[in-house]
Amino acid sequence: MKLKLLYCFLLLFINFPIFSNAVTIKYTTDDLTSTLTGTITDKADGKTIPGASISIPDLRVGAVSDANGKYSIPNLPKGVYLVQVSFVGYATFNQKVDFSKTNQLNVQLQTSSIEAGEVVITGVSRATEIKRDPVPMAAVSKTYIDQHSASTNVIDEIANLPGISAVTTGPNVSKPFIHGLGYNRVVTAEDGIRQEGQQWGDEHGIEVDQNSIDRVEVIKGPASLSYGSDAIGGVVNLITPPPVPDGKILGSFTGNYGTNNGLLSSSFRLQGNNNGFVWGTIVSAKEAKDYQNQHDGRVYGTGFQEKDARVMIGLNKTWGYSYLNASIFDDLQEIPDGSRDSLTRKFTRQITEADTYRPIVPESVLNSYGITPLHQHVQLYRIYDNSNFTLGSGNLIVNLGYEYSHRREYTHPEDQGVAGLNLHLSTYTYDVKYNFLVGNDFETTFGVNGQYQNNTIGDATVFPIPAYHQFDIGPFFVIKKSFGKLDLSGGARYDVRSFSGQAAYIDTSGKYPQLYTPGNAATPPTVIQQFSALNKTFSGATGSLGATYNFSDAFLLKGNIARGFRAPSIAELSANGADPGSQIYHVGNSDFKPEFSVQGDIGAFLTLHNVTASIEVFDNNIQNYIFQEQILDAQGNPERVNPDGSPNPTGPYAKFKYVQGKARIDGGEINLDFHPVSWLHFENSLSLTYGTNLGTGGKVPDSLKYLPFIPPLHTHSELRGTFAKGFGIFRNTYAFAGFDHYDAQDKFFAAYGTETYTGGYNLISAGIGGNIVNAAGTPILKLFIEGTNLGNVNYQSNMSRLKYFDNPTVPAGIQPGIFNMGRNISFKVVVPFDLSPHTAKAI
């Protein structure tokens, strides 16, 4: 409790300028360049361009050019910062500007059918163009997110990008995988603050409102340098909306409907900016029935109800910025188990604790928005601050966060208010770094970040992991320098993670197992030890070195080599219990060593007037790789157990143990996009990942040869037409048709029945949309329609956990498991509005 109070005090201290009369602070003209102004024009004809976006990513400020193409951005500090100017149908303009010497920047944009110049802020010292950074990255904008409206969570919105996939448990539960690595090997962050919510579990998704995310940036490969342990596979940074221009109060209403599961989603957004005092709020809700496909009908236990809210207040002034954010995520998620009637193959449901008979689920239940008695309740409360202070010749960046994750799984049909699983996780994160220039423009960052966690296991009946404390700390530095056409970057880090797991005892004398607190009296014979006390410390050094050589504006090569580090998670070290949502009884190993990886990346990129192409390859060698394998019983069949771990051939849980060995993951991506005319785009990509289990020495049996959850070869082709000027009252219109091919996955972890062969499949998608504008050209309605699996194909993804949800014994000739979602068409409508004071100047 004292730690929580201290941490909240630090958050308030950092944000003192927000709550005090900060606007009365005085600065001399020597301290700042007050305003950057300019005009945006078309390079070909010199006409002004209204509506162009001007942004300074490092300072999180921007403006929009007015009807005369003019813009103004006030309250800018000294220093050199990247300025980005973009408008649909034009090449993005990026240029570093020294605000101590420049207060006017006029920009001429050149028409282009090529989407280039993407800038990222994740894992770099300063805002950087993707093409110039040697670390493999990807980014998607608000436009991309809106146009892929059929995705029912924020991870699914990026899961089709080359090199990125997701392990799913139905439409609302997705965990990101990058180049074959996921769970505790990929850090998911919101505005750079780590997302911590028992991510070792695969039966719940990322606790973020997808309506609150305007941009996603992905680091593909070891990012331990910036984010520490758990980023050995990469980072997914979910970025919330930037502040609106000064003098504006802007908002929108959003509604979304999905035909497959009756998805109903709504969201309200309102943001304001008054002379650098910025604020905003987003409130969302969504619900869905069980999804359906031709093979299974409606899939029982896949409905959900989610409610979200967030607020932000902050200041953006000459001294920098500070934004204080608070959010609530509240999700009721049904728990599927795949049980079926042996004759009709219709889904059945558990109605008694003894579970001797399961009736068929009525159609009225399958078609209901109501949440079934057996479900999860996942809540995440978050408060965090992003601050960037101008200090000396550089910037001091301070990111502090507090998260409270409460996850319950209700698995007792006769006692529906009793939680089977009940986990409470409090996390305090800190990230402090100083960016500055050394010598002849060496961009340098020194910093330290980490986290403290406290997990309690609460009032429950199953206990897969113990209560524990965890502390992480990692100092690091990064240096970047450009030598003409050559860009170099590198850095190093040292991480330390300490675990302190508590011993736990379980009393089995009652109807349900309960935690037992030892006392002075003799321990009853019905008490068993569930967990032993555990104290572990892991440490490791990591580093990265990369280069980009720009042969010309059209062609560049880049390469990077990095060493990653990951300490074992508490589940991998200590697990000894059932997890109802995953239907797995986990068994950990306290003798595990930390994982270390060495990954090399090489890429070539070509950008011509009507063609863009790239090829990237990677090779990742991992020491002490940890994964799960299924345990077999004495007869060689997958072992099934009761909640207490006792053997039962028809028990509800499959028993898995964590194991460790060497692994190698390699592969690559190819992108080839044609733009024969300015409005037509033909985009193509191919992704391939191989995961090989190298064992611990000696020949590895064929059944153990491959790693689990490795995506198959995936190709994506999309024909897209975009019309910025539109037709009449329709502007920024688009239409696309997509084709995805997934190869059969015959390279799977077959040992002990852990994985099975997955057949290949093809999927067709399409979308259309645009803006309806008024006489002044201002959007009054935005429409986005997307259809997925339009062929209504029956298929199973090898990345879907539902593929393995079925009865323990399935009749011969029947494909076991649950199939993925059938045809779905999504209709998304956004109604923007402007409440800005009439006296405000157009920007």
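For clarity, every value in this text was computed on a predicted model and none was experimentally measured. What you see as residue numbers is a count from 1 along each chain, following the sequence as written. At least 70 in pLDDT is required for a residue's local features to be given in this predicted model, at least 80 for side-chain atom pairs to be given and counted, and no such filter applies to totals for whole chains, interfaces and linings, which use all residues. Only hydrogens and water are removed before side-chain values are computed, so all heavy atoms of the structure are retained for them.

Moving on: the side chain of Arg 408. Of note, Arg 408 is situated in strand E26 (residues 394–410). Here Arg 408 sits buried without a salt bridge, and the closest side chain of opposite charge, Asp 330, lies 6.3 Å off (N-O distance). Here a polar contact is taken to be a pair of N or O atoms separated by no more than 3.5 Å, where protein atoms must pair a possible hydrogen donor with a possible acceptor and residues adjacent in sequence count only if both atoms sit in side chains. One polar contact links Arg 408 to Gln 379, side chain to side chain, over a distance of 2.3 Å. In this description a helix means any DSSP run of H or I spanning at least four residues, a strand means any run of E spanning at least two, and both kinds are numbered starting from the N terminus. Exposed residues in this analysis have more than 50% of their type's maximum accessible area, buried residues have under 20%, and partly exposed residues fall in between, with area computed by a 1.4 Å probe over protein chains only. In this count, Lys and Arg are taken as positive residues and Asp and Glu as negative ones, while His and the chain termini are left out. Each salt bridge in this description consists of a side-chain nitrogen of Lys or Arg and a carboxyl oxygen of Asp or Glu lying within 4 Å of one another.

Before going further, it helps to spend a moment on a nonpolar patch on the surface. Patch criteria: residues need more than 30% relative accessible area and no salt bridge. Like-charged residues are merged within 9 Å; nonpolar side chains of Val, Leu, Ile, Met, Phe, Trp and Tyr are merged within 5 Å. All accessibility values rest on the Shrake-Rupley procedure with a 1.4 Å probe; residue burial counts only the protein chains present in the view. On the surface, a nonpolar cluster with roughly 560 Å² of combined accessible area is contributed by Val 438, Phe 442, Phe 446, Phe 477, Ile 479, Phe 483 and Leu 488. Secondary structure elements with two or more residues in the nonpolar patch: strand E28 (442–456) and strand E29 (468–483). Taking relative accessible area as the criterion, Phe 442 reaches 32% and is therefore assigned partly exposed.

Here we come to the pattern of salt bridges. Within the structure shown, the criterion is met by 33 salt bridges. For the salt bridge of Arg 340 with Asp 296, the shortest nitrogen-to-oxygen distance reads 3.0 Å. Here Asp 296 lies in the loop between strand E21 (292–293) and strand E22 (297–298) and Arg 340 lies in the loop between strand E24 (320–334) and helix H5 (363–366), a separation of 44 residues in the sequence. The two residues Arg 340 and Asp 296 agree in class, both being buried. Across the pair Arg 340 and Asp 806 runs a salt bridge, and its minimum N-O distance is 3.8 Å.

Our focus in this paragraph is the environment of Phe 442. Within the secondary structure, Phe 442 is located in strand E28. In sequence terms Phe 442 and Glu 639 are 197 residues apart; their C-alpha atoms lie 58 Å from each other. Residues contacting Phe 442, with those up to four places away along its chain left out, are Phe 436, Leu 437, Ile 479, Lys 480, Lys 481 and Phe 483. Here, residues are in contact when the closest pair of their heavy atoms is within 4.5 Å.

What counts as a ring pair is set by centres within 6.5 Å for rings of Phe, Tyr and Trp (its six-membered ring), and what kind of pair is set by the plane angle: stacked under 30 degrees, edge-to-face over 60, tilted for all other angles. Taken as a whole and assessed by the stated rule, the structure comprises 31 aromatic pairs. With centroids separated by 6.3 Å and ring planes inclined at 75°, the aromatic side chains of Phe 442 and Phe 483 adopt a geometry described as edge-to-face. With Phe 442 in strand E28 and Phe 483 in strand E29, this pair connects stretches of sequence that are 41 residues apart. Residue class for Phe 483 comes out partly exposed when judged on its relative accessible area of 43%.

Take the sheet that holds strand E5 (residues 80–86) next. A pair of strands is labelled paired if DSSP reports no fewer than 2 bridges between them. Strands sit in the order E3-E2-E5-E6 across an open sheet of four strands; the sheet is antiparallel. Each having just a single partner strand, strand E3 (61–64) and strand E6 (93–98) make up the two edges of the open sheet. Going across the sheet, the axis of each strand differs from the next one's by a mean of 20°, ignoring polarity. Direction of pairing for strand E2 (residues 53–56) relative to E5: antiparallel, over a ladder of three bridges. Counterpart to Ile 54 in the pairing with E5 is Val 85. Note on geometry: axes are C-alpha line fits, over the in-contact stretch for helices, and angles between N-to-C directions span 0 to 180 degrees.

Let us now look at the confidence of the model for the protein. Note: predicted coordinates in regions of low pLDDT should not be interpreted at a detailed level. Chain-level statistics for the protein give a pLDDT mean of 89 and a share of 94% at 70 or above. What pLDDT expresses is the predictor's confidence in each residue, scored from 0 to 100. Within the model, pLDDT remains below 50 along residues 19–30, and this stretch shows 10 contacts once partners closer than five positions in the same chain are excluded.

Take the sheet that holds strand E16 (residues 215–220) next. Spatially, E10-E16-E17-E14-E15 is the arrangement adopted by the five strands of the open sheet, whose pairing is mixed. Both edges of this open sheet fall to strand E10 (137–140) and strand E15 (193–194), since each of them pairs with a single strand only. Pairing of E10 with E16, which is carried by four bridges, proceeds in the antiparallel orientation. Each bridged residue has a counterpart across the sheet, and for Val 140 the counterpart in E16 is Val 216.

A separate point is the pairing of strand E41 (residues 653–674). Summarising the sheet, strand E37 (residues 584–587) and E41 pair through four bridges and their orientation is parallel. Bridge pairing in E41 places Val 587 opposite Lys 657. In the sheet, strand E39 (residues 611–630) pairs with E41 via 18 bridges, with the strands oriented antiparallel. By the bridge assignment, Glu 629 is partnered in E41 with Lys 657. Inspection of the sheet shows strand E40 (residues 640–641) paired to E41 by two bridges, in the antiparallel sense. By the bridge assignment for E41, Val 641 is matched with Tyr 653. Pairing between E41 and strand E42 (residues 680–695): 13 bridges, direction antiparallel. Each bridged residue has a counterpart across the sheet, and for Glu 669 the counterpart in E42 is Ser 687.

With respect to the element layout, Val 617 can be found in strand E39. Residues Val 617 and Asp 601, spaced 16 residues apart in sequence, show a C-alpha to C-alpha distance of 5.8 Å. Contact partners of Val 617, with chain neighbours within four places excluded, come to Gly 600, Asp 601, Ile 602, Gly 667 and Gly 668.

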